[in-house]
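# Observations on chain architecture
Single-letter residue listing:
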Amino acid sequence: MIQSKCKSSTPMKKLIIYILLICLIISFALLYFEYTRYSEVNNRYIALQDEINKSSNKLRDISDDIAKLKLEEETISNEKKFQIDQYQKWQRQNQILKDLIK
Amino acid sequence: MAKTKSNPKGFNKIIVYGLSVFLLIVLLINLGIIVKLIELRKQKYSEIYSSENILSEQQKEHFDKLEEIKLLSEKIENIKNVEDLTENIRKEFFENAKKYETMVSQGKGSKKIAYLTLDDGPYNYTPAFLDVLDKYDILATFFLLGKPSSQYDATYKRIVDSGHTIANHTYSHAIYSGLYVTVDSFVNDVLKQEKFLLQKTGVKTNILRFPGGSSSALPPYRHDILQRLRKYNYGYIDWNVSSGDAGKEPSKEKAYNNIINGSRNKNIIVILMHDSSKASLLALPSVIETLKERDYIFLPLFYESSMIIK
């Protein structure tokens with residue numbers, strides 16, 4: 001009786017170990033799969049961060065360029081204030097005629 | 001014998017249990033890591049989403065700034081070329097003036113035209129006349145004389161710089177002392193003034209007003225004078241409305257009434273005033289306001305105008 005019980009419990013134990021082993025192998029596969037996906041996402045995130053940094057630097061450069069251009073515009077506008085006034089005067093006068101001709 | 005047999009069985013049992021527990025623990029650890037990785041992945045996704053938003057905003061800002069740079073560069077380029085642009089718009093203005101004058105002479109325009117002309121300048125009152133014209137933002141025509149004194153240099157320059165038309169009224173204006181004696185005396189005086197104005201203002205004019213009006217050039221010289229002037233591509237103009245300030249100085253009210261009454265039933269008026277007249281100067285603001293109320297627009301004269309006789 002005891003012997004038969006022992007005999008029947010041995011394949012059961014083996015079965016459990018096999019099941020556990022299979023589960024473990026599946027879990028490793030899942031772990032690998034999930035890690036790969038995570039790595040992809042993480043790489044994408046890193047690439048995005050890199051892109052954001054580059055974009056920020058570009059924006060900073062562009063802002064510097066704008067500041068330089070604004071300064072240049074201000075300087076040249078002051079230098080040519082009289083000519084600009086003249087241009088605006090003709091523009092106004094011309095607009096009056098254009099409106100009348102329409 | 002039974003003891004030695006039971007020992008390996010017990011040992012096997014321990015190994016089996018140990019292995020099972022070990023496998024179970026590793027499995028649980030794996031599952032824990034998988035769950036953690038899923039959480040981290042979700043977190044990264046949300047960070048990616050925020051980063052994409054940031055990047056998208058930055059790209060929009062980048063685009064806006066590039067647009068701003070483009071506009072600023074264009075503006076700077078335009079400012080650098082403002083003289084050319086002014087010349088172009090000036091040309092366009094006179095083309096439009098010609099078109100509109102044609103419309104008005106055909107009775108089509110919604111507004112009538114007033115050509116305000118000032119003779120005999122520059123004079124002491126000329127800057128004050130210019131102030132009034134600036135105030136009302138209107139352009140006029142100055143029939144100028146040759147005044148070599150440097151005190152008028154700034155006035156000549158200001159007339160041109162303000163956009164008014166510069167025209168020839170002869171150098172000497174010597175109606176009673178030789179101007180109309182011969183064809184040459186007149187034409188030479190006109191050409192002398194043309195040269196003088198070019199030197200003083202940088203403007204070459206081919207619009208003339210005869211001192212005293214074209215009727216002052218009497219036969220037999222009149223025909224020859226006009227023929228010679230045509231050879232030099234000159235056109236001339238008289239006036240059809242006057243403030244009456246040529247002789248005795250009128251009152252401000254009289255100057256005003258002369259112009260307003262003279263403008264009645266006329267679609268195109270050429271108003272004569274003199275830079276030397278204080279009455280005309282004082283009447284000018286009211287004249288401008290009344291004529292504007294009566295649907296006149298003020299234009300500077302131009303060679304292509306139908307009012308210029310060629």
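Procedures and definitions
Residues numbered from 1 in each chain as written. Chains lettered and ligands numbered in written order. Predicted model: local features only at pLDDT ≥ 70, side-chain atom pairs only at ≥ 80, totals over all residues. Helix = DSSP H or I, 4+ residues; strand = E, 2+ residues; numbered from the N terminus. Rg over C-alpha atoms; globule rule 2.2 N^0.38 Å. Buried ≥ 20, exposed ≤ 12 C-beta atoms within 10 Å, placed from the backbone. Contact = placed C-beta atoms within 7 Å. Nonpolar A, V, L, I, M, F, W, Y, C, P; charged D, E, K, R; others polar. Core = buried A, V, L, I, M, F, W, Y, C linked by C-beta atoms within 7 Å. Arc of directions from axis to C-beta. Axes fitted to C-alpha atoms, helices over the stretch in contact; angles between N-to-C directions. Parallel < 35°, antiparallel > 145°, perpendicular 65-115°, else oblique. Left-handed = near helix turned anticlockwise from the far one by under 90°. Pairing = 2+ DSSP bridges. Right-handed = clockwise from strand over helix to strand, strands pointing away. Expected span 1.5 Å × (residues − 1). pLDDT = per-residue confidence, 0-100.

## Re the overall build of chain A
Looking only at helices and strands, one finds two helices and zero strands in chain A. Taking the principal axes of the C-alpha coordinates as reference, chain A spans close to 120 × 35 × 15 Å.

## A closer look at the overall build of chain B
The number of helices and strands found in chain B is eight helices and eight strands. Its C-alpha atoms give chain B a radius of gyration of 43 Å, more than 25% over the compact-globule value 19 Å for 310 residues. In chain B, buried positions account for 33% of the 310 residues. A separation threshold of at least 6 residues defines the contact pool for chain B, and within that pool the share at least 24 residues apart is 79%.

## What to know about the interface of chain A and chain B
Between chain A and chain B, the residue contacts involve 53 residues of the former and 57 residues of the latter. Elements represented by at least two residues in the side of chain A that touches chain B include exactly helix H1 (2-79) and helix H2 (81-101) of chain A. Per-element tally for the side of chain A that touches chain B: the top contributor is H1 of chain A, with 37 residues. Within the side of chain A that touches chain B, the residues separate by chemical class into 27 nonpolar, 12 polar and 14 charged.

## Re unusual backbone geometry
Residues and elements named next belong to chain B. Each neighbour pair has its own omega, and for Gly121 with Pro122 the value is -5°, a cis peptide bond. The phi torsion at His173 lies on the positive side, around 60°, for a residue other than glycine. Note on placement: His173 falls in the loop between strand S3 (165-168) and helix H5 (183-201).

## Digging into the nonpolar core
Residues and elements named next belong to chain B. Among the nonpolar cores identified, the biggest contains 66 residues, and Ala114, Tyr115, Ala140, Phe142, Leu208, Ile271 and Phe298 are the most heavily contacted of them. For this core, the element with the most residues is helix H8 (residues 278-293), which contributes seven residues. With residues near it in sequence (within four places) discarded, Ala114 still touches Ile269, Ile271, Leu291, Tyr296 and Phe298.

## Quick notes on helix H3 (residues 126-135) of chain B
All names here are of chain B. Residues of H3 that are buried include every one of Thr126, Phe129, Leu130 and Leu133, and no others. The buried residues of H3 occupy an angular sector of 100° when projected down its axis, which confines them to one face. Residues of H3 that are exposed and point more than 90 degrees away from the buried face comprise Asp131 and Lys135. Residues of H3 that are buried sit in contact with strand S1 (112-121), helix H4 (153-161) and H8. Of the residues flanking the end of H3, it is Asp137, one or two places downstream, whose phi is positive at about 55°.

## A few points about the packing of helix H7 (residues 252-262) of chain B against H8 of chain B
Residue and element names in this part refer to chain B. For the pair H7 and H8, interaxial distance at closest approach is 8 Å and the crossing angle is 40°. Relative to H8, the element H7 is oriented oblique. Seen along the crossing, H7 lies across H8 with a hand that is right-handed. Where H7 approaches H8, its residues Lys252, Ala255, Tyr256, Ile259 and Ile260 are matched on the opposing element by Ala279, Ser280, Leu282, Ala283, Ser286, Val287 and Thr290.

## A short note on the pairing of strand S2 (residues 141-144) of chain B
Residues and elements named next belong to chain B. Residue alternation in S2 divides its side chains into two sets, Thr141 and Phe143 and Phe142 and Leu144, and both sets are buried. Examined bridge by bridge, S1 and S2 share four bridges and lie parallel to one another. Bridge pairing in S2 links Leu118 to Phe142. What joins S1 to S2 is H3, and the crossover it makes is right-handed. The pairing of S2 with S3 spans four bridges and is classified as parallel. Bridge assignment links Leu144 to a residue of S3, and that residue is Asn168. Note that the unit made of S2, H4 and S3 has a crossover that is right-handed.

## Remarks on the pairing of S1 of chain B
Residues and elements named next belong to chain B. The buried fraction of S1 amounts to nine of the 10 residues, a majority that puts the element mostly inside the structure. Across four bridges, S1 lies against strand S8 (residues 296-299) in parallel orientation. Bridge pairing in S8 places Ala114 opposite Phe298. In this sheet, strand S7 (residues 268-274) lies alongside S1 in parallel orientation, the contact comprising seven bridges. Among the inter-strand pairings, Leu116 is bridged to a residue of S7, identified as Ile271.

## Section: H5 of chain B
Residue and element names in this part refer to chain B. Its 19 residues give H5 an end-to-end C-alpha distance of 27 Å, which sits within 8% of 27 Å, the value for a rise of 1.5 Å per residue. Inspection of H5 places Phe186, Val187, Asp189, Val190, Gln193, Glu194, Leu197 and Lys200 among the buried residues, and these make up the whole buried set. Buried residues of H5 fall within an arc of 155° about the axis and therefore sit on the same side. Seen from the open side of H5, the exposed residues pointing more than 90 degrees away from its buried face are Asp184 and Gln199.

## Considering the confidence of the model for chain B
Chain-level pLDDT for chain B is 93 on average; 97% of the residues reach the 70-or-more range. Confidence metrics for the complex model read pTM 0.81 and ipTM 0.83.

## Side note on the environment of Ser162 of chain B
Residues and elements named next belong to chain B. Tracing the backbone shows Ser162 in the loop between H4 and S3. Put simply, Ser162 and Leu133 are 29 residues apart on the chain and 9.2 Å apart in space, counted from C-alpha to C-alpha. Among all residues touching Ser162, those that are not within four sequence positions of it are Leu130 and Asp134.

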